[in-house]
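# Examination of the molecular architecture
Listed below are the residues making up each chain.
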Amino acid sequence: SVLYTLLYLAMMILPFVLTVWILSRTFLALATRQAVVSDGKAYTKRDQHMRSPRKALLIRELKRLAHSSTYMLNTGMGLLMLLLFAFGAPFISKELPSAIAILGNYIGIMGIAFCLTTTLFTAPSISLEGDTLWQLQSLPVSGGDILRSKLDMHLILTAPVTLLTSISCSIFLAKGALPILATILLPQALNLVMGEVGLLIGIAFPRFDWTNEAIVIKQSLAVGLSMLAAMGISVVSIAGGFVLDMLLPAGSGHILVSLLLAGVG
């Protein structure tokens, strides 16, 4: 099929182009940048805008992510996978054998959950503070505000993309009101809990003595444990929903699991 061939090529080329663009905008510029010694500049009066501590900390986290290609690529690749899944849902529904069409109610949830396990912005965020940790400790803000800003960044980046993918799966894969509602609610609940678990594990197993941030993002204990925990939570939640759906109307089990996860989160 020429159409499917072109779609497959587009799905392969798009991540490559995106990767090259991100590297050219961040890594190459940083690697070739020359040190500049400033001789000081005269103060120029400008309008000052006051932000709340929570918003200021959130902007700080987003800037850290934007200026680190390693952080962005290794923790944000799941977002690209979610987008590809969202646009691929119509084709999955066409290729799904009629004998197992009932699985359409769950394929969306399982696919989104898998993508979310690779999108853990919070897991390395504590360790990435490194030798700048003292700056946060000297700020007149509570530790809770600092941790909340890291979770806020995770949710702001992942929740909209997760919702878009859930809507696509609801339209093309899920059948029935309750399965559609479950396809929307459960991924959001899983995303919240995964972000919080990554943050907690990052606090429990920090690593501040790194010389290269890639060590923290790719090889740290916190990131590895967070991914394993996220996979475990996903498997238990989806399996629990399956079991409950055998006793209740289809979709009810995953809705109940969603409410439970939301309450825990």
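Bear in mind that the values here come from a model prediction, so they are computed numbers and not experimental data.

### A few points about the packing of helix α7 (residues 143-172) against helix α8 (residues 177-204)
Across the interface, α7 lies against α8 with an axial gap of 9 Å and an inter-helix angle of 155 degrees. By the angle between their directions, the pair α7 and α8 is classed as roughly antiparallel. With respect to the hand of their crossing, α7 and α8 are arranged in right-handed fashion. Mapping the contact onto sequence places L147, K150, L151, H154, L155, T158, A159, T162, L163, S166, C169 and S170 in α7 and I180, T183, I184, P187, Q188, N191, L192, G195, E196, L199 and I203 in α8.

### Concerning the packing of aromatic side chains
Evaluated as defined, the whole model comprises 2 aromatic pairs. For the pair Y4 and F91, a centre-to-centre distance of 5.8 Å together with 90 degrees between the ring planes defines the contact as edge-to-face. With Y4 in helix α1 (residues 2-25) and F91 in helix α4 (residues 69-95), this pair connects stretches of sequence that are 87 residues apart. Both rings, one in Y106 and one in F242, keep their centres 4.6 Å apart while their planes meet at 70 degrees; by these two values the pair is edge-to-face. Of this pair, Y106 sits in helix α5 (residues 104-117) while F242 sits in helix α10 (residues 221-247), and the two are 136 residues apart along the sequence. The class for Y106 is buried, based on a relative accessible area of 11%.

### Quick word on the environment of A86
Locating A86 in the fold gives a position in helix α4. A relative accessible area of 8% means that A86 is categorised as buried. Separated by 79 residues in the primary sequence, A86 and T165 have C-alpha atoms spaced 4.4 Å apart. If sequence neighbours within four positions are ignored, A86 has contacts with T165 and S168.

### Remarks on the pattern of salt bridges
Inspection of the entire model under this criterion finds 8 salt bridges. We note a salt bridge from E129 to R60, for which the minimum N-O separation is 2.8 Å. Of this pair, E129 sits in the loop between α5 and α6 (133-138) while R60 is found in helix α3 (residues 53-66), placing the two residues 69 residues apart along the sequence. The exposure class of R60 is partly exposed, given its relative accessible area of 24%.

Conventions adopted
Residues numbered from 1 in each chain as written. Predicted model: local features only at pLDDT ≥ 70, side-chain atom pairs only at ≥ 80, totals over all residues. Heavy atoms only, no water. Axes fitted to C-alpha atoms, helices over the stretch in contact; angles between N-to-C directions. Helix = DSSP H or I, 4+ residues; strand = E, 2+ residues; numbered from the N terminus. Parallel < 35°, antiparallel > 145°, perpendicular 65-115°, else oblique. Left-handed = near helix turned anticlockwise from the far one by under 90°. Contact = heavy atoms within 4.5 Å. Phe/Tyr/Trp six-rings, centres within 6.5 Å; stacked < 30°, edge-to-face > 60°. Buried < 20%, exposed > 50% of the residue type's maximum accessible area, 1.4 Å probe, protein only. Salt bridge = Lys/Arg side-chain N within 4 Å of Asp/Glu carboxyl O.

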